[in-house]
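# Coordinate analysis (summary)
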Amino acid sequence: MTQENSRLDGVSRRQVILGTGAVGAASMAGCLGNVTGSNEGGSEPLTADGSSTVYPITSRAGSLWNGNAPADDKEYWGPGQYDIDTDKNMADYWAGLYGFEPSGEEGTPPFFVSVGLNHTGVGLEKLERGQVDIGDASAPVSAEFPDRPASELEPFTDHVVAIDAQPIIVSSELYEAGVTELTLADVQDIYRGNVENWSELGGPDKEIQAVGRAVGSGTDTSFRANVLGDPDAEMPGVDTRKGQNQQVKTLVDNSDNAIAYIALAFVDDATPAIDLEIDGQLYEYPDDFGTLDYPLSRALHCYTWEGTSDKEAAFIRMILSDYGQQMFVETNDYLPLNDDRRQEEIDKLPEPSN
């Protein structure tokens, strides 16, 4: 099937997608018809779906966008804190850079943002079919669709918005029993099915429950590539798979023998991250997980289709700004882009019209 034929006939790139878990869906009900903008499609929401790893970033960004805080709200906006000179509400400012006019209703943004929760493969497929504007992805599209020729991947327009370290977590009972450190070879043996009991790795006499992410998840693709050396590597040691980081965390939290790979934003005392030895170097959580030196670090992406529209650019530019990196990336324990990489990503966007 070609890239062109895979898209749904007659589907508008600006159709309203309001799914379960979408940010601001309730607040949008009954309001969309009253929202206006100077650009075509200003009254229709910006939609995103995909990676549960990227979701905390775009979800929080969408939620605050929909709240459209005034300039004197220093908790959620306060532009002077970020060297931005404006008295506009938050969404009014970022949308206004691309010619979208304020809605005329206090606290209502020029257009709403709706963010769905899924995994990378689903988000990219929805983007390709024209069902959403942004596909959240925790792995590059080339790794998600490795069998496709490069020409079919060209319409996917990549925007890197943050960096995630990919920690390995275990059940708290295991951590308390002394499973606080593993080697990369240990993790490989577990997921390849070479070891089946924690006692083989110096832990308690418990069967290992190896938890994986759903096939098509960017977290799964990145784990296979970074840990097993191939995004399509077999993992016969996996006992169960879950589609979202939240589901993985719940399963490990409720187990006494589980190990899993997860996004950094979901680590806490109930699902502790272990230290990991790689090529003789010990990476200790959390000190060594917040840098690009950690070998399992990976880029987090917001893909658009065949370039980037003004509406998409307004939202992504906000995330890439100092404000967005501090408010949406760092607050979720992800690593912000360094200045050079951030400028590179900003340069990919259309120039603001205002």
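Now for a description of the structure that goes with this document. Please read these numbers as outputs of a predicted model, since none were measured by experiment. (Residues numbered from 1 in each chain as written. Predicted model: local features only at pLDDT ≥ 70, side-chain atom pairs only at ≥ 80, totals over all residues. Heavy atoms only, no water.)

### A look at the overall build of the protein chain
The helix and strand tally for the protein chain stands at 13 helices and 13 strands. Looking at the 354 residues of the protein chain, the share that counts as buried comes to 56%. Relative to all contacts within the protein chain whose residues are 6 or more apart in sequence, the contacts with residues 24 or more apart total 75%. (Helix = DSSP H or I, 4+ residues; strand = E, 2+ residues; numbered from the N terminus. Buried < 20%, exposed > 50% of the residue type's maximum accessible area, 1.4 Å probe, protein only. Contact = heavy atoms within 4.5 Å.)

### Digging into the pattern of salt bridges
Using the criterion set out here, one finds eleven salt bridges in the structure. A salt bridge links E345 to R341; its shortest N-O distance comes to 3.1 Å. Note that E345 and R341 are positioned in helix α13 (residues 339-347) at a spacing of four residues, about one turn of the helix. Assessed through its relative accessible area of 0%, E345 is described here as buried. The class of R341 is partly exposed, set by a relative accessible area of 30%. (Salt bridge = Lys/Arg side-chain N within 4 Å of Asp/Glu carboxyl O.)

### Regarding α13
Buried residues of α13: R342, E345 and I346, and no others. Taken down its axis, α13 places every buried residue within 100° of arc, on the same side. Opposite the buried face of α13, at more than 90 degrees from it, the exposed residues are D340 and D347. (Arc of directions from axis to C-beta.)

### Description of the packing of aromatic side chains
One pass over the full model with this rule turns up 18 aromatic pairs. For the pair Y82 and Y323, a centre-to-centre distance of 5.1 Å together with 75° between the ring planes defines the contact as edge-to-face. With Y82 in the loop between α2 (55-67) and α3 (90-96) and Y323 in helix α12 (residues 322-329), this pair connects stretches of sequence that are 241 residues apart. Chaining the aromatic ring pairs together yields one cluster made of W77, Y82, Y93, W94, Y323 and F328. (Phe/Tyr/Trp six-rings, centres within 6.5 Å; stacked < 30°, edge-to-face > 60°.)

### A closer look at the sheet that holds strand β8 (residues 209-213)
Spatially, the four strands line up as an open sheet ordered β6-β10-β8-β9, and their pairing is mixed. Looking along the sheet, the strands with just one partner apiece sit at the ends: β6 (168-170) and β9 (240-242). On average, each strand axis in the sheet is inclined to that of its neighbour by 25°, with strand direction left out of account. When β8 meets strand β10 (residues 258-261), the two strands line up parallel, connected through two bridges. In the strand pairing of β10, Q209 is matched with A258. (Pairing = 2+ DSSP bridges. Axes fitted to C-alpha atoms, helices over the stretch in contact; angles between N-to-C directions.)

### Side note on the sheet that holds strand β11 (residues 275-278)
Read across the open sheet, the three strands follow the order β7-β11-β12; overall the sheet is mixed. A strand with exactly one partner marks an edge of an open sheet, and here the two such strands are β7 (181-183) and β12 (281-283). Strand-to-strand, the axes of this sheet are offset by a mean angle of 25°, without reference to chain direction. As judged from the three bridges shared by β7 and β11, these two strands associate in the parallel manner. Each residue of the ladder has a partner; that of T183, found in β11, is E277. Together, β7 and β11 form the strand contacts of helix α8 (residues 184-191), whose direction differs from that of β7 by roughly 80°.

### So, the nonpolar core
In this structure, W65, W94, Y191, I259 and Y323 are the most contacted members of the largest nonpolar core, which totals 88 residues. Tallying contributions element by element places helix α11 (residues 310-320) first for this core, with seven residues. In contact with I259, other than residues within four places in its own chain, are I168, I169, V170, L182, I190, Y191, W198, I208, Q209, A210 and V211. L124, L127, A137 and V141 belong to the second-largest nonpolar core, a separate cluster that totals ten residues. (Core = buried A, V, L, I, M, F, W, Y, C linked by side-chain atoms within 4.5 Å.)

### What about unusual backbone geometry?
A cis amide bond links Y285 to the next residue, P286, at an omega of 5°. With respect to the element layout, P286 can be found in the loop between β12 and β13 (298-305). The phi dihedral of D83 is positive, around 60°, even though this residue is not glycine. Residue position: D83 is located in the loop between α2 and α3.

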